[in-house]
Amino acid sequence: MMVVLLTLVEGLAIYINMVVHPNSQPALTIVIVILFAIVSGLGVWYATRVRGMIWS
């Protein structure tokens, strides 16, 4: 469920980016995907290492 939610949020961010800045593609899309991957990775790291959650 978490993966689906993250994918929907990322897709919405990319769609809004394409509508608002159509001349800056695909560079901005690549930046959004990389930043989203970093933020997601840090979120998973925080949840598992700092808060001690167990993913099953």
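Keep in mind that what you see is a predicted model, and the values were worked out from it rather than measured. (Residues numbered from 1 in each chain as written. Predicted model: local features only at pLDDT ≥ 70, side-chain atom pairs only at ≥ 80, totals over all residues. Heavy atoms only, no water.)

**Q** Looking at this model, I keep getting lost on the overall build of the protein. Mind explaining?
**A** Along the protein, the regular secondary structure elements total two helices and zero strands. The C-alpha atoms of the protein give 14 Å as radius of gyration, which overshoots the globular expectation for 56 residues (10 Å, by more than 25%). Across its three principal directions, the C-alpha atoms of the protein cover 45 × 20 × 10 Å. Here the protein holds 56 residues, and the buried ones make up 12% of them. When the accessible surface of the protein is split by element, carbon and sulfur atoms take 76% of a total near 4,700 Å². (Helix = DSSP H or I, 4+ residues; strand = E, 2+ residues; numbered from the N terminus. Rg over C-alpha atoms; globule rule 2.2 N^0.38 Å. Buried < 20%, exposed > 50% of the residue type's maximum accessible area, 1.4 Å probe, protein only. Areas by Shrake-Rupley, 256 points an atom, 1.4 Å probe, with all protein chains shown as cover.)

**Q** Looking at this structure, how should I read the side chain of Thr 29?
**A** Tracing the chain through its elements places Thr 29 in helix H2 (residues 27–50). Assessed through its relative accessible area of 14%, Thr 29 is described here as buried. Beyond its immediate chain neighbours, meaning those up to four positions away, Thr 29 contacts Ile 14, Asn 17 and Met 18. (Contact = heavy atoms within 4.5 Å.)

**Q** Quick question: what am I supposed to make of H2 here?
**A** Since one α-helical turn is 3.6 residues long, residues separated by three or four positions face the same way. Look at H2: 33 Å from first C-alpha to last across 24 residues, which is about the 34 Å you get at 1.5 Å a residue. Along H2, the residues that are buried comprise Thr 29, Ile 32, Phe 36 and Ala 47. At the exit of H2 stands Gly 52, carrying a positive phi of roughly 75 degrees. (Expected span 1.5 Å × (residues − 1).)

**Q** How do you make sense of the side chain of Asn 17 when you look at a structure like this?
**A** Residue placement: Asn 17 occurs in helix H1 (residues 2–20). What makes Asn 17 buried here is its relative accessible area of 7%. Once you skip the residues sitting within four places of it in the chain, Asn 17 turns out to touch Pro 22, Gln 25, Leu 28, Thr 29 and Ile 32.

**Q** Sorry if this is basic, but what is going on with the environment of Gly 11 here?
**A** Mapped onto the elements of the fold, Gly 11 is located in helix H1. As for Gly 11 and Val 44, which are separated by 33 residues in sequence, their C-alpha atoms are 19 Å apart.

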